[in-house]
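So the chains spell out like this:
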Amino acid sequence: MGATRARLQEATGGRWEVDGRPEHLRQACEASLRALGVEAIGLYQLHRPDPKVPFAESVGALAELKAAGKVRLVGLSNVSVDQINQARQLVEVASVQNEFSPRFRRSEGELVFCAAQRIAFLPWSPLGGIGRGRDLGGRHRAFAEVADAHGVSPQQVALAWELAKAPVVIPIPGASRPETITDSLAAAGLRLSDDELSRLDRV
């Protein structure tokens, strides 16, 4: 369950806005509890730091929700290592959800940090984003070639490559067809050699 997902306001002409104010986070949590019909939310993610609100204030609100028993685990999204460390001064961080894929690798530092600290790392858009995953093999030839060698899809190779990064990695690919879901699940059983992983790391 996400906290402070960018919210849509009529006053902005339909643009998505980030709202990390503590009062909004508390209201959003209460609304989610009512909608789900539960007393506590298992995992609540701060979806994006709000540049207009001190990061410690946003995280502090989630820490208060956890202390009140309304949230069991707190996660962060789209954050740096420094922000993760800052948050950990206020609350235990269970997960970090950053963009990571063959196309976007700038979160590898956060992935490595999470692995060292045993924090779950949840790559979003792990296949490259909406409209890009279908042509992953065409955009990243090495993934297609490794896929051909194993008789699987480039998308499955991409997910297996991410899973091999660290035991804490849990990719969250989207899916619109049953066969896509099945293909993604099969990535958990695909074993890539050290040479293959090194090759995919280099491209």
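Up top is the structure these notes are about.
Residue positions within a chain follow its written sequence, with the count starting from 1. Under the rules for a predicted model, residues below a pLDDT of 70 receive no local features and side-chain atom pairs below 80 are neither given nor counted, while totals for whole chains, interfaces and linings still include all residues. Heavy atoms from the whole structure form the basis of all side-chain values; hydrogens and water molecules are not counted.

**Here we look at the side chain of His140**
Link 1 in the chain: To qualify as a helix, a DSSP run of H or I must reach at least 4 residues; to qualify as a strand, a run of E must reach at least 2; elements of each kind are numbered from the N terminus. The residue His140 is located in the loop between helix H5 (136-139) and helix H6 (141-150) in this model.
Link 2 in the chain: Should any heavy atoms of two residues lie within 4.5 Å, those residues are counted as being in contact. Leave out the neighbours within four places in its chain, and His140 touches Pro102 and Arg103.

**Looking at unusual backbone geometry**
Note: most peptide bonds trans; most residues except glycine with negative phi.
Link 1 in the chain: Here the phi dihedral of Asn78 falls at roughly 55°; this positive angle occurs in a residue that is not glycine.
Link 2 in the chain: Relative to the helices and strands, Asn78 is located in the loop between strand E5 (71-77) and helix H3 (81-88).
Link 3 in the chain: If you check the backbone angles, Ser125 has positive phi at about 50° while not being a glycine.
Link 4 in the chain: For Ser125, the position within the fold is in the loop between strand E7 (120-121) and H5.
Link 5 in the chain: A relative accessible area of 22% means that Ser125 is categorised as partly exposed. Per-residue accessibility, obtained with a 1.4 Å probe over protein chains only, is compared with the maximum for each type, and a residue is labelled buried under 20%, exposed over 50%, and partly exposed between these values.

**Digging into the nonpolar core**
Link 1 in the chain: Only buried residues count toward a nonpolar core. Its members are Ala, Val, Leu, Ile, Met, Phe, Trp, Tyr and Cys residues joined through side-chain atoms within 4.5 Å. With 47 residues, the main nonpolar core has Tyr44, Leu76, Ile84, Val96, Val157, Leu192 and Leu200 as its most contacted residues.
Link 2 in the chain: Looking at this core, the element that brings in the most residues is helix H2 (residues 55-67), giving 6 residues.
Link 3 in the chain: Among residues more than four places away in sequence, those in contact with Leu76 are Gln45, Leu46, Phe55, Val59, Gln83, Ile84, Ala87, Val93, Ser95, Val96 and Gln97.

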